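Chain residues, written in single-letter form:
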Amino acid sequence: MKEKYKNSWNILFEWLGILTILLIWLISSSLFDKIYLPTIDQTFNALLNLLTLESTYEAFGLTFLRTIVAIIISIILGIIFGLLSGLFIKSRKFLKPFLNLMRFIPVPCFIFIISSIFSPNIFSVLISYIVIFPLIYEAIVGGVINIDENIKNSLRLEGFYRPNSIFKVILPLTFPYLNVAIINSIGMGIKISVMSEIIVGRSSIWGIGRLIYVANQNADYPMMFAIIIIIIIIFVIIDFILSILKKKIT
């Protein structure tokens, strides 16, 4: 009973937060230039217009597709190199500088460099991969390192590095770590994909970022706000699904 009462209050305050944001938006749009800060009505009309356009769904679909491809590549390579680094410390030390490059160099720098070398669709996948791969890799390495010592000792009797030990025991034991990393990488991958599309702004790459770039170039701020609202709605849905998956995994 107390738990339900507590949850009701949490939901109430969450809705109060949403209403406060809308109130701030309403007041701000009446005080400032409506060209740069459109009203709720202008944004809603732009949102309805966007939802009637086939190009909107194509843009969102392509961005999500490129993100999924990046996640799949990251999972495959993350498992391979993660197992090597988890099993052999020399591999971990060798790959550490590469991982540091991926983590510490600002993403826009990668975008400018890679976009001048590869085609738009390939570079967008690569940018997402550069951000997602370290998450998957670290999850596998952490999963291998944290395997119970009793299990490791049992495997050493049969051959710790035998394929059966690796693929039937060691790899499955890393799955809880891998699953959480994959869940966390979805939202991050989409954000990076959108950012790369915005920064490059080429007509040859179509996606959510390109929609935002075009809206900014045309000073169509109601459209930009409408795109942001669609992104927020999608992320709320994804976050809800991922939170359920996380609870099941843990």
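Please refer to the structure placed before this passage.
Residues numbered from 1 in each chain as written. Predicted model: local features only at pLDDT ≥ 70, side-chain atom pairs only at ≥ 80, totals over all residues. Heavy atoms only, no water.

1. Some points on the pattern of salt bridges
Per the stated rule, a full pass over the model turns up 2 salt bridges. Residue Glu-197 pairs with Arg-66 through a salt bridge whose shortest N-O separation is 2.7 Å. Of this pair, Glu-197 sits in helix α9 (residues 175-200) while Arg-66 sits in helix α3 (residues 54-87), placing them 131 residues apart in sequence. Accessibility classification places Glu-197 together with Arg-66 in one group, the buried group. Two residues, Glu-138 and Arg-103, come together in a salt bridge whose shortest N-O distance is 2.6 Å. With Glu-138 in helix α6 (residues 120-145) and Arg-103 in helix α4 (residues 89-104), this residue pair connects regions lying 35 residues apart in the sequence. Take Arg-103: its relative accessible area is 39%, and that puts it in the partly exposed class. (Salt bridge = Lys/Arg side-chain N within 4 Å of Asp/Glu carboxyl O. Helix = DSSP H or I, 4+ residues; strand = E, 2+ residues; numbered from the N terminus. Buried < 20%, exposed > 50% of the residue type's maximum accessible area, 1.4 Å probe, protein only.)

2. Quick notes on helix α10 (residues 208-217)
Residues of α10 that are buried: Ile-208, Gly-209, Arg-210, Leu-211, Ile-212 and Ala-215. One or two positions beyond α10, positive phi appears at Ala-219, with a value near 55°.

3. As for a nonpolar patch on the surface
A cluster of nonpolar residues, Ile-11, Leu-12, Phe-13, Trp-15, Leu-16, Ile-18, Leu-19 and Leu-22, forms a patch on the protein surface that exposes about 780 Å² of accessible area. Secondary-structure assignment places Leu-12 in helix α1 (residues 2-31). Judged by relative accessible area, which is 41%, Leu-12 ranks as partly exposed. (Patch = residues over 30% accessible without salt bridge, like charges linked within 9 Å, V, L, I, M, F, W, Y side chains within 5 Å. Areas by Shrake-Rupley, 256 points an atom, 1.4 Å probe, with all protein chains shown as cover.)

4. Quick notes on the nonpolar core
Counting 21 residues, the largest nonpolar core has Phe-60, Ile-208, Ile-212 and Ile-227 as the members making the most contacts within it. Secondary-structure elements contributing two or more residues to this core are α2 (40-51), α3, α9, α10 and α11 (221-249). Take this core: its biggest share by element is 9 residues, from α11. Residue contacts for Ile-212: discarding those within four places in its chain leaves Val-194, Ile-198, Met-224, Ile-227 and Ile-231. Among the nonpolar cores identified, the runner-up in size contains 19 residues, and Ile-132, Ile-136, Ile-140 and Val-144 belong to it. (Core = buried A, V, L, I, M, F, W, Y, C linked by side-chain atoms within 4.5 Å. Contact = heavy atoms within 4.5 Å.)

5. A word on the side chain of Thr-56
Note on placement: Thr-56 falls in helix α3. Given the relative accessible area of 3%, Thr-56 is considered buried. When residues no more than four places from it in sequence are discounted, the contact partners of Thr-56 are Leu-50, Leu-211 and Ile-230.

6. Thoughts on the environment of Leu-51
Position of Leu-51 relative to the elements: it lies in helix α2. Between the C-alpha atoms of Leu-51 and Ile-227, which are 176 residues apart in sequence, the distance is 9.8 Å. If near-sequence neighbours (up to four positions away) are discounted, Leu-51 is found in contact with Tyr-57 and Ile-230.

7. What about the packing of α3 against helix α8 (residues 163-173)?
Where α3 contacts α8, the two axes come as close as 12 Å, and the packing angle between them is 90°. Here α8 runs roughly perpendicular to α3, going by the angle between their axes. Here Ile-79, Leu-83 and Leu-87 of α3 come into contact with α8, specifically with Ile-166, Ile-170 and Leu-171. The class makeup of the residues in the contact of α3 with α8 is 6 nonpolar, no polar and no charged. (Axes fitted to C-alpha atoms, helices over the stretch in contact; angles between N-to-C directions. Parallel < 35°, antiparallel > 145°, perpendicular 65-115°, else oblique. Nonpolar A, V, L, I, M, F, W, Y, C, P; charged D, E, K, R; others polar.)

8. Some remarks on α2
Spanning 12 residues, α2 covers 16 Å between terminal C-alpha atoms, matching the ideal 16 Å at 1.5 Å per step. When α2 is considered as a whole, its buried residues turn out to be Thr-43, Ala-46, Leu-47 and Leu-50. Viewed along the axis of α2, the buried residues span an arc of 105°, placing them on a single side of the element. (Expected span 1.5 Å × (residues − 1). Arc of directions from axis to C-beta.)

9. A look at the side chain of Ser-193
Secondary-structure assignment places Ser-193 in helix α9. Exposure remark for Ser-193: the relative accessible area of 0% places this residue in the buried category. Ser-193 has contacts with Thr-63, Thr-67, Ser-124 and Ser-128, leaving out every residue within four places of it along the chain.

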